[in-house]
Structure formats: structure tokens, C-alpha cells
There are 2 protein chains.
Amino acid sequence: MNQPNPVAAVTPHPKIGYSIFDIEIHARPASPRNIAAYLPSSYVDRYLDGFLGDSTPNLDQRGGNDREDADISDNCVAASNPELIARQLLDPYGIEWAICTGPIYNLSTIGDTDYAVALASAFNNWLNNDFVPRDTRYYGVIYVAMQDPKAAVKEIEKWAGHPRASQVFIGSAGIVPLGHRSNHIIYEAAAANGLPVATHSTMEGRGITGTPTGNGYCSRYIEYHTGLAASALTNVTSLVCEGVFAKIPDFRFVLLEFGISWAQPLMWALDREWKSLRSEMPLLKELPSEYLKRQLFYTTQPIEEPDKTRDLVQTYHAVNGSNQIMFSSDYPHWDFDNPVVILPGRDNAELKRRILRENALALYGRRLGLK
Amino acid sequence: MNQPNPVAAVTPHPKIGYSIFDIEIHARPASPRNIAAYLPSSYVDRYLDGFLGDSTPNLDQRGGNDREDADISDNCVAASNPELIARQLLDPYGIEWAICTGPIYNLSTIGDTDYAVALASAFNNWLNNDFVPRDTRYYGVIYVAMQDPKAAVKEIEKWAGHPRASQVFIGSAGIVPLGHRSNHIIYEAAAANGLPVATHSTMEGRGITGTPTGNGYCSRYIEYHTGLAASALTNVTSLVCEGVFAKIPDFRFVLLEFGISWAQPLMWALDREWKSLRSEMPLLKELPSEYLKRQLFYTTQPIEEPDKTRDLVQTYHAVNGSNQIMFSSDYPHWDFDNPVVILPGRDNAELKRRILRENALALYGRRLGLK
């Protein structure tokens, strides 16, 4: 069951012409018992009764997250069957490397810190030891709960030796912006072990977090999802202003499901404010945008779709997209990005290749032994 | 004392060549007694003791808001002397029309609704009846407290006949995003009376509002001020998604001190989400960006300053800036925008003229009898 499938040579998609790197598949356990098996016995009933604690969505998303054909297999949890994922996604699009980010982004929104820490550990065991080995194309992540930075460091050090653990994975929403001083030891531990830190949106406003915006609760899913750019803006600003990028030159930060185009105006604003208020940030030796152009990474899902592709390309160049943007399919979510259709046109071929393949290989390749 | 000064013909600044329209001067009462004079007696002591209630700034701004030469006159409150403002700002820059937005943006953050309503009324009396008449170049606003929409409508109707009241003025931070259904009667009343609605940033996170971001409290003023784009994004998204722009075609919304360049990516995101989630917003008949390009207005302070002016101009065009962006000096704040230096270059002359003068004349001119 847990032996890697022998993978045939990856066949590139004919309209792409090379194999690609997918930064995000939402792999899930087929049954909660797969997770419970790794929990301390005192938490097992609690988990089986309530799963992840207070993660009830407060905004309904037109009847669910997932594409409807992702759960037709031998069990009814979408993205829980590695072979079905391979058939629906890896094979047809010629994906050679795929990071499974798993199903939990809410660890940092759980009130009970010890429970959150135990869940992080259980999911790490399931993902990296049970799921990822099912296909040589899969790679895992290291979950940590931000409420207990020392436990997070311990979890990072425990998994850093795993050859297929690609990065540290944290939720974007908690009780403080991500740059908060208490979090720095987590980022230092990640950098020291050659691990980028990735954060995923959509737990804003749940559990012990505050309201999902600084202006209170919004009404509709479309409003909430559009507003996630505000969460990215807040967290990136916090990481810049608290000096995380400057203090930890090897810190690499990956934004999952936050869009990209808000980053150009943010860089303008930060650079402008820095000129006026530099005394507030003595650690920074360069313009804020210089750090971001090296250390901040973006993913394509959800990709913005202006009328003119060249506007998007201009924005991508402004954020140093030819190094910093990576493809994410977001499988099995319904708003999946098809790698074939992004960035059409011969002028964009090189940028597209970097996004679909080269940038992720550059970021993860050395650690994962791919180059 | 309260007679308009006879104003000499306005002399344009020689480097500009035409008189300009300033959307925002932070006029202030010289003494709290100027406001107390208009309060119900039961609130007078409370106001004189605590002024505006819980408005303590939670992030210090390098020793204060104001330029240091703005309070050297016969009293020590910056921007409280209409003649000094004229000498420091209107005369040297050839400003022919200037909207005084006054000193309070925190009405909607005050827990005691009745007190907030009384303060709105007192400030309206002081601003429109005492301050504005001191110079024919000044125009006032109509403050309302969002906690009591019916009282807000009454206040709007009371002042709508005042020939120098330019727009309704609200704070951007409260307990719900601005598009919330309970607020719609306020926007309807404004539109019915030909009054734009302007909102000012910087009360996020104070009083009865939640945390200043959806990710908690940030640490530094630079972080807070950069993050205000998130508040704009949240409120504009809320107004779009709750259908305010679509339901009220005459609704005009002015953002004060929120920057501009975040709006292009927001339009992309909203248009893209609308294509997927249109069923959530049955009121919208056009792309969200179409409403915003007609009904949403921006001000220049704080202006973004990318290395290349043409990047800024591209962004301005993307948000229909040749109609929607207006000049604001933000006097007497230290981060004042000098109208002479914005948008240099012959190529930008027409856009500059529209920003410095024509767009505001088009928005306010008919109501204020200027055209």
C-alpha cells in the first residue's frame, strides 16, 4: 500500500512541451482514522468527533470547494486517492513534481495550543509517511502551529531530514500578523534547514482569529475571497516591517492562493513609506521591494485575468515574476488553474516556462535533490 | 469674525498655470469650546474632558501628524486659523476651491451612539457655519455617525440645503464593512441630494472597531499606514458585492488617504471572481470594474512613488484616473503632497490638469454652483 508506484517517464502535455512543477495539491486523508492513528490517545475521540475543531466555514462557497469529479473513486473524499489524482492531474498535464499541501490551514486558529501541536504532528506523519510515498512525483510539507513557536521549531527539526519534505506550511490567519516577533524563531529554523515557509489563505475570521477584515465581517464568499489580498498585504507588510526578510537572508516565503497583482502597488507603498519612516525599521538596509523581489514567492491560483494579457505580464515583471511566480493547480478545487491556458502567446513563452517549471525547481530543487 | 474675507482673484502657481481644487484640508477648531458650544448640555463636560472619546492613537507617528510650521500663529492648534491656512497653502499654490474635511474620522468608532450623533451635529455646525464662511475658497462636509443610519439620514437632509456643504463624510472603520445593508439608506440619502460620500482612513483598530487588520494588531506606524490599502480594498469590495454601486447609480464614493494603485489589481480580482461567482451578486449588471470606473474616486495623498512615472500613469489610466483621481493636499499633515511636483513631464500635462482641477470640478461643481 505505501510503496511508491513505479512512475513511467513523464510525458509533457503536447501544448506545453516540457514537464511541469505543481506547487499545490490539496491531498486529503481518505478517512479521519488515518490521522487519528497518529494522535495521542487522549485526542483521538476529540478528533474523530470534531475533526479539526472550530473550522466551520463562515461563508458558503456555492456548495463546496471541490470539482465534482474528484471524489468518484473508491472512497468519497476528494483528493484522497493518490492514483486518481495522478490520472486526473499529473498524467494529463505532464506534472513531474507536485507538492501536496494537504487539507489543514487552520492549525493557528485553534484555541487549544496543545491540540494544535498534536494535530500538526499527526498530519505530518500521515502526509509525509503515508501519502507522499504513493507516487514518486509527490512531495510533502511540514505543518506547524504558530501558537507554540518552540514546538514549531521542534517539529521543523524533526522533519527537516525527510528527503521529500519541501517546506514549512503555516496558515495565514492567527492572532497576530505573521511578522510578529514571537514567530521569528520559526522562520530562523526553516531557513537554517533550507526550507521555504509557505502560507495558505482562507482561515481568516475563523476560530480564535479576529474578524476576517480590519473592517469586520463581510457577507458573501466572493467578498471574502477577493479580500484575501488584504491578508497577504498585511502579512507581507508585517514581515517586512518586523525585519524578518532583512534579519534572515535565507528566509523564503511562499504565498499560496493569494493572487499576485496586489504586490506591485504594495512595493510602491512600502518603498515610499520607508523613505519617510525609515527610522521605524533600522534593520532594513535596502528598499523593502528589494527584499521582496528575492525572498517572496507567489503562486498562480487564483490567477488574475485582466482583459489584456500584457497588463498581467507587466505586473508579473514588476514583482520579478520571472523568478518568483510558480504554478499551482489547487486541485481538487473547482477554481483549478489549467496550466495550458495561462499566459498565451509566443512573447510570453519564456515567462510561462519559468512559472510552470523553472522557478519552483530553483526554489526547491536543491533541497529535494532534483538538481 | 465670521464674515467671508473678500478674496483677491486667485493667482495660479507659475509652474502650474491654472488654479486648482484641493479635496482635503484638515481644518480644526481652535478650541474645544468651539465644538462644545453646539453640543447638548449633557455632553459638554464629557467632550471638554475627553474630546472625541476613545480615539487614542495606538501607533505613534514620529511625534505627531502635523508639519511644524502650521501652528505658529496666534493659537497653537494646527490648521485652526483660516487665514494662516490661506497664507501657507491657498495663496502660494493658487488653490481656488478647498474642501475642509475637518478633524474627526472616528465618529463610527465611538461606543455611545447618541454621543456620536451629537458630535456629528456639533462638528457640522462649527465647520459649515463658523469655519467655512471665513474665506470664499473653503467648502465644508456633512459628518454622520454610521452607528445610527436613520440619524445619519436626518443629518444629511438637514445640511443638504447648505450651499457650501460638498459631501457626506464618514470614517472608514467601524463594526462592519461599509457596504453592509444597514448603511444603504445613508448612501441613498446622499445620492438623492447630489452629495458624494467621502471616507477617510486611519481609525482602523480604535474604539469599537475590531483589530486594524484581519490578522490582528501590527506593531509600527509604517506597517499600519501601508496596510490602510487593505481597508480600502475591504470597503470597496463590500460596496461592490452588497450592490451599493449597482442599486444607487448616483452614488459617488470618494476615498481620502488610501492611495490608488491597489485599485487596478482589485478590479482584476473582482471581475475575475464575478465571472465565477456571479450568482452571489444578482444586482450587478456589468463587470464590477465598470461601476468603479464611474463611481469610485481617489485622492492623491499619499501618492505612490514608483521609480518610473510611466508605471504610475499606467496605473492611473487603468482606474480611469483621468476622471476619477483628485488632488488632496492633506494640510497640515507632514506628508503633504506638493501639487507642483506631482506627475512631471509634458506627456502628463493633461492628466495632471484633470487631477489638480477638472475632476473635482466635475464631481462637485454643479452642487456647489461652480459651473
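Residues numbered from 1 in each chain as written. Chains lettered and ligands numbered in written order. Predicted model: local features only at pLDDT ≥ 70, side-chain atom pairs only at ≥ 80, totals over all residues. Heavy atoms only, no water.

For chain A, the name recorded in an unreviewed UniProt entry is Amidohydrolase, with Nibricoccus aquaticus as its organism.

Asks: Describe the sheet that holds strand E2 (residues 95-100) of chain A, and please don't skip the residues or the numbers.
Replies: Residues and elements named next belong to chain A. Pairing is parallel across the open sheet formed by 8 strands, whose spatial order is E1-E2-E3-E4-E5-E6-E7-E8. With one partner strand each, in any of the chains shown, strand E1 (20-25) and strand E8 (325-326) form the two edges of the open sheet. Taken together, the 3 bridges between strand E6 (residues 253-256) and strand E7 (residues 296-299) define a ladder with parallel strand orientation. Its bridge partner lying in E7, Phe253 is registered against Leu296. (Pairing = 2+ DSSP bridges. Helix = DSSP H or I, 4+ residues; strand = E, 2+ residues; numbered from the N terminus.)

Asks: Describe unusual backbone geometry, listing the residues and the values that go with them.
Replies: In this structure, A:Pro332 follows A:Tyr331 across a cis peptide bond, with omega equal to 5°. Within the secondary structure, A:Pro332 sits in the loop between E8 and helix H14 (349-364). The backbone of B:Asn320 shows a phi angle near 60°, a positive value even though the residue is not glycine.

Asks: Any details on the pairing of E6(A)? Residues and values, ideally.
Replies: Along a regular strand, successive side chains alternate from one face of the sheet to the other. Residues and elements named next belong to chain A. With burial as the criterion, each face of E6 is covered, one bearing Phe253 and Leu255 and the other bearing Val254 and Leu256. As defined by bridge partners, strand E5 (residues 197-200) adjoins E6 across 4 bridges and the pair is classed as parallel. Among the inter-strand pairings, His200 is bridged to a residue of E6, identified as Leu256. (Buried < 20%, exposed > 50% of the residue type's maximum accessible area, 1.4 Å probe, protein only.)

Asks: Give a description of the side chain of A:Ser329 that names residues and reports values.
Replies: All names here are of chain A. Within the secondary structure, Ser329 sits in the loop between E8 and H14. In this structure Ser329 comes out as buried when scored by relative accessible area, which is 0%. A polar contact is formed between the side chain of Ser329 and the backbone oxygen of Glu24, at a distance of 3.3 Å. Non-local contacts of Ser329, meaning those with residues more than four positions away in its chain, are made with Asp22, Glu24, Ile25, Leu89, Gln301, Phe336 and Asp337. (Polar contact = N/O pair within 3.5 Å; in protein donor to acceptor, adjacent residues only side chain to side chain. Contact = heavy atoms within 4.5 Å.)

Asks: How would you sum up the UniProt feature "domain: Amidohydrolase-related" (unreviewed entry) in chain A? Please name residues and give values.
Replies: According to UniProt, the feature "domain: Amidohydrolase-related" (unreviewed entry) maps to residues 86-366 of chain A in the numbering used here. In the segment residues 86-366 of chain A, helix accounts for 44% and strand for 12%; the C-alpha atoms at its two ends are 24 Å apart. (UniProt positions renumbered as here; feature names shortened; annotations may be inferred.)

Asks: Break down the side chain of B:Glu242 for me, citing the residues and quoting the values.
Replies: Note that B:Glu242 resides in the loop between helix H8 (228-241) and helix H9 (244-247). For B:Glu242, a relative accessible area of 5% corresponds to the buried category. A polar contact of 2.2 Å, which involves the side chain of B:Glu242, links it to the side chain of A:Ser219. In contact with B:Glu242, not counting residues within four places along its chain, are A:Ser219, A:Arg220, A:Glu223, B:Gly179, B:His180, B:Arg181, B:His184 and B:Leu283.

Asks: Lay out the sheet that holds strand E5 (residues 197-200) of chain B with the relevant residues and their values.
Replies: What holds strands together in a sheet is hydrogen bonding between their backbones, with the strands either parallel or antiparallel. Residues and elements named next belong to chain B. Here 8 strands make up an open sheet; going across it, the order is E1-E2-E3-E4-E5-E6-E7-E8 and the pairing parallel. Sheet topology places strand E1 (20-25) and strand E8 (325-326) at the edges, where each strand pairs with a single neighbour. Examined bridge by bridge, strand E3 (residues 138-143) and strand E4 (residues 165-171) share 3 bridges and lie parallel to one another. Within the sheet, the bridge partner assigned to Tyr143 lies in E4 and is Phe169. Lying on the sheet, helix H11 (residues 288-295) is in contact with strand E6 (253-256) and strand E7 (296-299); it crosses E7 at an angle near 55°. (Axes fitted to C-alpha atoms, helices over the stretch in contact; angles between N-to-C directions.)

Asks: For helix H12 (residues 309-318) of chain B, give the residues involved together with the corresponding values.
Replies: Every α-helix carries 3.6 residues per turn, so stepping three or four residues along brings you back to the same face. For H12(B), the complete set of buried residues consists of B:Asp311, B:Leu312, B:Val313, B:Thr315, B:Tyr316 and B:Ala318. Of the residues trailing H12(B), B:Asn320 is marked for its positive phi of about 60°.

Asks: Any chance you could break down the environment of A:Arg354 for me, citing the residues and the numbers?
Replies: All names here are of chain A. Position of Arg354 relative to the elements: it lies in helix H14. Considering only alpha carbons, one finds Arg354 and Gln324, 30 residues apart in sequence, at a separation of 9.0 Å. If we ignore the near neighbours within four places in the chain, the residues touching Arg354 are Ser322, Asn323, Ile325 and Asn359. In this structure the side chain of Arg354 is engaged in a polar contact, spanning 2.3 Å, whose partner is the backbone oxygen of Ser322.

Asks: For the nonpolar core, give the residues involved together with the corresponding values.
Replies: A:Tyr187 and B:Tyr187 are the most contacted members of the largest nonpolar core, which has 258 residues in total. Residues within four places of B:Tyr187 in sequence aside, it is in contact with B:Met146, B:Ile170, B:Leu178, B:Val197, B:Leu239, B:Val244, B:Ile248 and B:Phe251. (Core = buried A, V, L, I, M, F, W, Y, C linked by side-chain atoms within 4.5 Å.)

Asks: Could you give me a rundown of the interface of chain A and chain B, with the residues and numbers involved?
Replies: Contacts between chain A and chain B engage 64 residues on the former and 64 residues on the latter. Between chain A and chain B, roughly 5,200 Å² of surface is buried when both sides are summed, and carbon and sulfur atoms account for 55% of that area. Of all residues in chain A, A:Asn215, A:Trp268 and A:Arg272 give up the largest surface area on contact with chain B, accounting jointly for 17% of the area buried on that side. For the pair chain A and chain B, the number of links is 2 salt bridges. Across the salt bridge formed by A:Arg220 and B:Glu242, the nearest N and O atoms sit 3.0 Å from each other. For the side of chain A that touches chain B, the secondary-structure elements that each account for two or more residues are helix H7 (221-226), helix H8 (228-241), helix H10 (263-277) and helix H12 (309-318) of chain A. (Buried area = accessible area lost by both parts, 1.4 Å probe. Salt bridge = Lys/Arg side-chain N within 4 Å of Asp/Glu carboxyl O.)

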